[in-house]
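# A look at the structure
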Amino acid sequence: MLRVGLTGGLASGKSLVGRTLAELGCYLIQADQVGRQVQAKGGEAYAPIVAEFGDTILGADGEIDRRKLGADVFAHPERLAKLNAIVHPIVVAKRQQLERDYLATHPQGIAVTEAAILVETGAYRDFDRLIVAACRPEQQIERAMARDGLTEEEVRNRMERQLPLERKAALADYVIDTSGSEAQTVEQTRALYRTLRSLHV
């Protein structure tokens, strides 16, 4: 099995690349989705997060309100580090189990893990190949504001907690330029899939 990491920055287009790879036959693991599961009520990270950050981060339904939690941690690096220390080991363990389960039935498969901070956490070293989805910073800001309903200040706070895309790209085996149209991104991703497939015939 070929293990591939897919990363980028906030609203840099990595999800489009991931979806396209999944449509082409890759097994896609979305770290953000796994993170949501472990932070949900009853999830492994729920109680430690509430103990650390207090019940003011909870919504009326008792679930963690990611907007409230994000507003807290992305403005305070030390609190973001505490959150990451709780969530990331659990997410990594779950990702590794998903990979093992997939490998058991697809020894020639390609497993792609999509995650925003593979480089920041050092987890990119766990993969056989690293893909970075990159666009211009002003595009990230515009896309994130439109997609997530965030203010420009909130977007910039989040971007400041991630490495610049050019530094991630320097570590990548492959860079997908997502600054153009969706069709152009998909075309590049299809070409990359053919390359990955050729590595693992």
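In the block above lies the structure referred to throughout.
Residues numbered from 1 in each chain as written. Predicted model: local features only at pLDDT ≥ 70, side-chain atom pairs only at ≥ 80, totals over all residues. Heavy atoms only, no water.

## Here we look at the overall build of the protein chain
When helices and strands are tallied, the protein chain shows 10 helices and five strands. At 17 Å, the protein chain has a C-alpha radius of gyration in line with the 17 Å of a compact globule built from 201 residues. Taken over the C-alpha atoms alone, the protein chain extends approximately 50 × 40 × 25 Å along its principal axes. The buried share among the 201 residues of the protein chain stands at 43%. Long-range pairs, those at least 24 residues apart, make up 73% of the contacts in the protein chain between residues at least 6 apart in sequence. With an accessible surface of roughly 10200 Å², the protein chain has 51% of that area assigned to carbon and sulfur atoms. Positive and negative side-chain charges in the protein chain, numbering 26 and 28 respectively, have mean positions lying 3 Å apart. (Helix = DSSP H or I, 4+ residues; strand = E, 2+ residues; numbered from the N terminus. Rg over C-alpha atoms; globule rule 2.2 N^0.38 Å. Buried < 20%, exposed > 50% of the residue type's maximum accessible area, 1.4 Å probe, protein only. Contact = heavy atoms within 4.5 Å. Areas by Shrake-Rupley, 256 points an atom, 1.4 Å probe, with all protein chains shown as cover. Lys, Arg positive; Asp, Glu negative; His and termini not counted. Charge placed at Lys NZ, Arg CZ, Asp CG, Glu CD.)

## A short note on helix α8 (residues 152-160)
Residues V155, R158 and M159 constitute the buried set of α8. Angular distribution of buried residues about the axis of α8 spans 100 degrees; they occupy a single face of the element. Across α8 from its buried face, at more than 90 degrees, point the exposed residues E153 and E160. In the core, the buried residues of α8 are packed alongside α4 (66-73) and α7 (137-148). (Arc of directions from axis to C-beta.)

## Comments concerning the sheet that holds strand β4 (residues 129-134)
Within the open sheet, the five strands sit side by side as β2-β3-β1-β4-β5. Their pairing is parallel. The strands lining the two open edges of the sheet, one partner per strand, are β2 (27-30) and β5 (174-177). Ignoring which end each strand starts from, the neighbouring axes of this sheet average 20 degrees apart. (Pairing = 2+ DSSP bridges. Axes fitted to C-alpha atoms, helices over the stretch in contact; angles between N-to-C directions.)

## Considering the pattern of salt bridges
A complete count under the given rule lists 13 salt bridges for this structure. Here R36 makes a salt bridge to D32, at a shortest N to O gap of 3.4 Å. Remark: D32 and R36 occur in helix α2 (residues 31-39); sequence separation between them is four residues, near one turn of the helix. Among the ionic pairs, E44 bridges to K94, the shortest N-O distance being 3.1 Å. Linking E44 in the loop between α2 and α3 (46-53) with K94 in helix α5 (residues 77-105), this pair joins segments that are 50 residues apart in sequence. (Salt bridge = Lys/Arg side-chain N within 4 Å of Asp/Glu carboxyl O.)

## Notes on the packing of aromatic side chains
For the coordinates displayed, the defined rule picks out one aromatic pair. Taken together, a centroid distance of 4.5 Å and an interplanar angle of 15 degrees make the contact between Y27 and Y102 stacked. Of this pair, Y27 sits in strand β2 while Y102 sits in helix α5, placing them 75 residues apart in sequence. (Phe/Tyr/Trp six-rings, centres within 6.5 Å; stacked < 30°, edge-to-face > 60°.)

## Observations concerning the nonpolar core
Across soluble globular proteins, nonpolar side chains show a tendency to be buried alongside one another. Membership of the largest hydrophobic core comes to 30 residues, with the highest contact counts inside it found for I49, I64, L69 and V87. Going through the elements one at a time, α2, α3, α4, α5, α6 (118-121) and β4 are the ones with two or more residues in this core. Dropping the residues within four chain positions of it, V87 is found in contact with V38, Q39, A45 and I49. Counting 15 residues, the second-largest nonpolar core is a separate cluster that includes I131, Y174, I176 and L196. (Core = buried A, V, L, I, M, F, W, Y, C linked by side-chain atoms within 4.5 Å.)

## Remarks on unusual backbone geometry
Despite not being glycine, A11 has its phi angle at roughly 55 degrees, a positive value. Examined against the element boundaries, A11 turns out to sit in the loop between β1 (2-7) and α1 (14-23).

## Quick look at α2
Among the residues of α2, A31, V34, G35, V38 and Q39 are the ones counted as buried. The buried residues of α2 all sit within an arc of 130 degrees when viewed along its axis, so they share a single face. Among the structural elements, β2, α3, α4, α5 and β3 (110-114) are those in contact with the buried residues of α2.

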